[in-house]
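Chain by chain, the residues run as shown.
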Amino acid sequence: MAHRQRPVPVEEEIDSGVATLVPDPDRPRSWTLEVDGTPQSHVDLDDPEYLDFEYVRRLGHVVDLIAPRGRPLRVLHLGGGGLTLARYVAATRPRSAQQVVEIDAALVDLVRRRLPLDRGARIRIRVGDARAVLARAPEDTFDLVVADVYAAGRQPAHLTSAEFHAAAARTLRPGGYYAANLADGAPLSFARAQVATLRTVLPEVCLIADPAVLRGRRFGNLVLVAGRTPPPVAELTRRAAGDPFPGRVVYGEELTRFASGAAPVTDATARPSPPPPEGVFG
């Protein structure tokens, strides 16, 4: 009997460095996208509803809960990577209209060739700077705006300010939500400042993270969810607690205490997110 040949890693130069597609040994036709050694996305071509990264799973919970399952959504993704969340939305909510903004044209080309999208997915990819494209987006358009933009493992400064968050809020439909992936470690100064900043624009904010990250015991991802109306905190809490790596949801007075003393960030004071510690990705 002939043995099926195992896939091998694929490495290509892209605009922002070197991209590597690493095959998942446990899931056929699944790949982890790394850029300069930093994991960016995990994509299962056979099962786009499978979300491997814990922060992406939490973003998936947001998608699941902001409207009844199956109802098409209009979604703007700032940051493309392997298009994992866009694939998830297309699979769980057919006929959703999605736009993805990715600054790295060579990365977009690699993903299109090596990790092709389902032909029925209504996903439009635009190459450009996330804030510049956001500034041109029409008002009251999206049910969900997702910010997940990183360069060399850091969130760019111009995507952290109140002015940026105001631009994102302008594009939301009534009842729409903004979600952002942050990365931070002790003393969580960046995350606290982002909570304070976002609250100046969208009053209802919650934070989802691993308890160890919230306690400053390790560097990791935190997901912010914000809107003009309260996010589905109770159900997000239940789902996060049931994740393979259980998470906590921080909201209301607890979130106020978390952000206590942090000043909102403006374009004049914005800084990139902190670099990940050496060895954090193995």
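To be clear, the structure that these remarks concern was listed above.
Below is a summary of the structure that appears in this document.

Conventions used here
Along each chain, residue indices are assigned from 1 in the same order as the chain's sequence is written. Side-chain atom pairs in this predicted model are given and counted only at pLDDT of 80 or more, local residue features only at pLDDT of at least 70, and totals for whole chains, interfaces and linings cover all residues. Remark: hydrogens and water are excluded; side-chain values derive from all non-hydrogen atoms of the structure. Here the nonpolar core consists of buried residues drawn from Ala, Val, Leu, Ile, Met, Phe, Trp, Tyr and Cys, with membership extended through side-chain atoms lying within 4.5 Å. Buried, partly exposed and exposed residues are distinguished by accessible area as a fraction of the type maximum, computed with a 1.4 Å probe on protein chains only: under 20%, between the cut-offs, and over 50%, respectively. Residue contacts are counted whenever heavy atoms from the two residues lie within 4.5 Å of one another. Ring pairs are drawn from Phe, Tyr and Trp, using the six-membered ring of Trp, whenever the two centres fall within 6.5 Å, and their geometry is named by plane angle: stacked under 30 degrees, edge-to-face over 60, tilted for the rest. Here a helix means four or more residues in a row that DSSP labels H or I, a strand means two or more in a row labelled E, and each is numbered from the N terminus. Placement of a charge over a ring requires the Lys NZ or Arg CZ to be within 6 Å of the ring centre, with the centre-to-atom vector within 35 degrees of the ring normal. Paired strands, as defined in this entry, are two strands with at least two bridges between them according to DSSP. Geometry is summarised by axes, namely lines fitted to C-alpha atoms with helices restricted to the contacting stretch, and by angles between N-to-C directions that run from 0 to 180 degrees.

**So, the nonpolar core**
Piece 1. Formed by 37 residues in total, the largest nonpolar core has its most connected members in Leu78, Val145, Tyr178, Leu207, Leu222 and Phe258.
Piece 2. Once residues within four sequence positions are removed from consideration, Leu78 is found in contact with Val101, Ala130, Leu134, Val145, Val146, Ala147, Asp148, Val149 and Phe164.

**Points about the packing of aromatic side chains**
Piece 1. One pass over the structure, following the stated rule, counts two aromatic pairs.
Piece 2. Geometrically, the ring pair formed by Phe164 and Tyr178 is edge-to-face, given 6.5 Å between the ring centres and 75° between the ring planes. Taken as a pair, Phe164 in helix H5 (residues 162–170) and Tyr178 in strand S9 (residues 172–184) lie far apart in primary sequence, 14 residues in all.
Piece 3. The lysine or arginine in question, Arg27, covers the ring of Tyr50, its NZ or CZ lying 3.5 Å from the ring centre.

**Thoughts on the sheet that holds strand S3 (residues 30–35)**
Piece 1. The strand order across the open sheet built from four strands is S1-S2-S3-S4, with neighbouring strands paired in antiparallel fashion. Each of the sheet's edge strands pairs with one partner strand only, and the pair in question is strand S1 (10–14) and strand S4 (38–44). Along the sheet, successive strands turn relative to each other by an average axial angle of 20°, direction set aside.
Piece 2. Note that S3 and S4 share six bridges and pair antiparallel. For Thr32, the partnering residue across the bridge sits in S4 and is His42.

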